[in-house]
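What follows is each chain in one-letter form.
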Amino acid sequence: MAPPKFGDLNKQVSDIFNKGYFFNVFKLDVKTRTANGVNFNVIGEHNTETARTFGSLETKYVVPEYGLTFLEKWNTDNLLKCEITADNQLAQGFKVVFDATLIPNTGNSYERLHFGMKTRPLSLDIISQRKKTAELRTAYTHDKAHVETNVAFDAAGPILNGAIVLGHQGWLAGYQYVFNTARSLLTKNNFAVGFRAKDFTLYANMNDANEVGGSVYQRINDRLETGIQLAWTAGSNQTRFALASKYQLDAQTVVGAKVNNICQVGLSFQQLLRPGTKTLNFLFEQLIYMSRYCLGVKLTLSALFEARNLNAGGHKVGLGLELDA
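Here the residue index of a chain counts from 1 through its sequence in written order. Two thresholds apply to this predicted model, a pLDDT of at least 70 for residue-level local features and 80 or more for giving and counting side-chain atom pairs, whereas whole-chain, interface and lining totals are computed over all residues. Water and hydrogen atoms play no part in the side-chain values, which are based on all heavy atoms of the structure.

**Q** I'm lost on the overall build of the chain in this one. Help?
**A** In this description a helix means any DSSP run of H or I spanning at least four residues, a strand means any run of E spanning at least two, and both kinds are numbered starting from the N terminus. A count of helices and strands for the chain gives two helices and 21 strands. Burial status follows relative accessibility: with a 1.4 Å probe on protein chains alone, a residue under 20% of its type maximum counts as buried, one over 50% as exposed, and anything between as partly exposed. In the chain, which comprises 325 residues, the share counted as buried stands at 32%. A sequence separation of at least 24 residues applies to 28% of the contacts in the chain between residues at least 6 apart. Residue exposure ignores everything except the shown protein chains as possible cover, and the areas themselves are Shrake-Rupley values with a 1.4 Å probe. When the accessible surface of the chain is totalled, it reaches about 19500 Å², and 58% of it is carbon and sulfur. We call two residues in contact when some of their heavy atoms are within 4.5 Å.

Next comes the structure, spelled out in structure tokens:
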């Protein structure tokens with residue numbers, strides 16, 4: 001099995017701490033599919049802290065007999081995006097993606113051409129993109145390695161960045177860099193090591209030689225998983241740490257909790273609503289009714305409390321609703 005990319009080395013712990021938590025946000029995510037195979041995804045969210053409302057519409061259509069996928073996006077920032085994917089047309093395992101983004105009120109455009117060729121157990125992805133500057137990306141995956149490179153061609157000089165992850169019998173080692181050729185400066189210089197087993201993961205990293213961190217993930221049983229994060233920055237006498245846990249109450253309900261060293265307590269509740277669900281019936285009768293006509297209705301409630309001083313306020317709440325019709 002190929003090792004993960006550098007950004008996913010700590011994914012299991014990151015998911016426990018981040019998934020199911022969003023504060024000061026009310027979000028609605030609706031997915032539906034027409035009879036002729038067009039997929040629609042509408043997202044709307046309101047941030048109560050900034051009083052900003054954001055929405056987006058995505059349509060996706062797949063033509064499997066020709067290996068084509070058409071994707072269009074629009075959001076309330078007036079950004080339009082069009083993506084066309086051709087898979088296994090020029091050659092078996094070869095993918096071409098054309099991606100164009102336009103902001104109509106400015107006329108600025110962004111175009112990206114993505115070539116991907118996959119073989120087993122190897123895969124190669126090459127991306128070329130252009131928006132006043134050109135960018136070339138490559139990704140190479142092997143049973144023992146995952147290599148990413150990125151060259152951004154700027155008027156002042158190209159910016160090089162990339163990462164490599166090596167894996168052997170569960171052990172992982174990775175390196176990530178960003179080099180600005182115009183300034184002859186290494187602006188990012190990150191190292192990471194880890195060990196991944198079936199039910200636990202160990203991870204340690206050093207960023208730019210001034211921040212050290214680590215994490216431990218363990219799946220205790222089929223329902224309970226926990227994670228611990230530690231971090232220390234040079235020049236600071238304080239070590240940051242946090243503990244999180246997620247528990248599967250049943251097939252439709254997940255609860256989560258996390259706490260950090262400054263006594264911020266986060267709570268999360270996720271419920272897959274189905275006809276006949278009794279939990280929270282007295283508050284969400286309409287949601288239960290809607291679930292009769294949807295393949296899935298997922299409700300997420302989250303809150304963040306300042307436990308050091310509960311009477312001072314500053315607590316945050318969030319609500320999310322996902323509909324899959």
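Following the structure, the description resumes.
**Q** For this particular structure, what's the right way to read the environment of Ala234?
**A** Among the structural elements, Ala234 can be located in the loop between β16 (224-233) and β17 (239-250). Considering only alpha carbons, one finds Ala234 and Val212, 22 residues apart in sequence, at a separation of 8.3 Å.

**Q** Just checking my understanding: could you explain the environment of Ala152 for this structure?
**A** As for its position among the elements, Ala152 is in strand β10 (residues 145-153). With a relative accessible area of 16%, Ala152 lands in the buried category.

**Q** Sorry, what's going on with the pairing of strand β15 (residues 211-219) here?
**A** Each regular strand displays side chains that alternate between the two surfaces of the sheet. Note that strand β14 (residues 200-207) and β15 share eight bridges and pair antiparallel. From the neighbouring strand, Met206 faces β15, where its bridge partner is Val212. At least two bridges found by DSSP between two strands is the condition for calling them paired. Linking β14 to β15, which pair antiparallel, is a turn of three residues; within it Asp208 sits at a positive phi near 55°. Relative to β16, β15 is paired through nine bridges, and the arrangement is antiparallel. For Val216, the partnering residue across the bridge sits in β16 and is Ile228. With antiparallel pairing between neighbouring strands as the criterion, β15 and β16 make up a hairpin whose turn holds four residues.

**Q** Sorry if this is basic, but what is going on with a nonpolar patch on the surface here?
**A** A surface patch of nonpolar side chains, about 570 Å² in accessible area, is lined by Leu202, Val216, Ile228, Leu230, Phe241, Leu243 and Val259. Looking at the nonpolar patch, the elements with two or more residues in it are β16 and β17. Structurally, the position occupied by Leu230 is in strand β16. Taking relative accessible area as the criterion, Leu230 reaches 46% and is therefore assigned partly exposed. Each patch is built from residues lacking any salt bridge and having more than 30% relative accessible area; the joining distance is 9 Å for like charges and 5 Å for nonpolar side chains (Val, Leu, Ile, Met, Phe, Trp, Tyr). Salt bridges are identified by distance alone: a Lys or Arg side-chain nitrogen within 4 Å of an Asp or Glu carboxyl oxygen.

**Q** When you look at the pattern of salt bridges in this model, what are you seeing that I'm missing?
**A** A side chain with one charge can pair with a side chain of the opposite charge if their charged atoms come near. A complete count under the given rule lists five salt bridges for this structure. With a shortest N-O distance of 2.8 Å, Lys11 and Asp15 are connected by a salt bridge. Here Asp15 and Lys11 lie together in helix α1 (residues 11-18), a separation of four residues that amounts to about one turn. Using a relative accessible area of 39% as the deciding quantity, one classes Lys11 as partly exposed. A relative accessible area of 21% places Asp15 in the partly exposed class. Across the pair Arg240 and Glu211 runs a salt bridge whose closest N-O atoms are separated by 2.9 Å.

**Q** Is there a simple way to explain the packing of aromatic side chains in this structure?
**A** Each aromatic ring pair is characterised by the separation of its centres together with the angle its planes make. When the centres of two rings from Phe, Tyr and Trp lie within 6.5 Å, Trp using its six-membered ring, the rings pair. Their planes under 30 degrees apart give stacked, over 60 give edge-to-face, and anything left gives tilted. Enumeration according to the criterion identifies five aromatic pairs in this entry. Between the aromatic rings of Tyr175 and Phe191, the centroid separation amounts to 4.8 Å while the plane-to-plane angle is 40°, which identifies the pairing as tilted. Placement of the pair is Tyr175 in strand β12 (residues 171-180) and Phe191 in strand β13 (residues 185-196), with a sequence separation of 16 residues. Between the NZ or CZ atom of Lys258 and the centre of the ring of Tyr21, over which it lies, the distance is 4.2 Å. Charge-over-ring placement is defined geometrically: NZ (Lys) or CZ (Arg) within 6 Å of the ring centre, and within 35 degrees of the ring normal.

**Q** Just checking my understanding: could you explain unusual backbone geometry for this structure?
**A** Working note: non-glycine residues mostly have negative phi, and peptide bonds are mostly trans. Despite not being glycine, Gln169 shows a phi value in the positive range, around 50°. The residue Gln169 is located in the loop between β11 (159-168) and β12 in this model. In this structure, Cys263 takes a positive phi of about 65° despite not being glycine. Mapped onto the fold, Cys263 is located in the loop between β18 (253-260) and β19 (264-273). By relative accessible area, Cys263 is classed as partly exposed at 32%.

What is shown is where atoms sit, not what they do.
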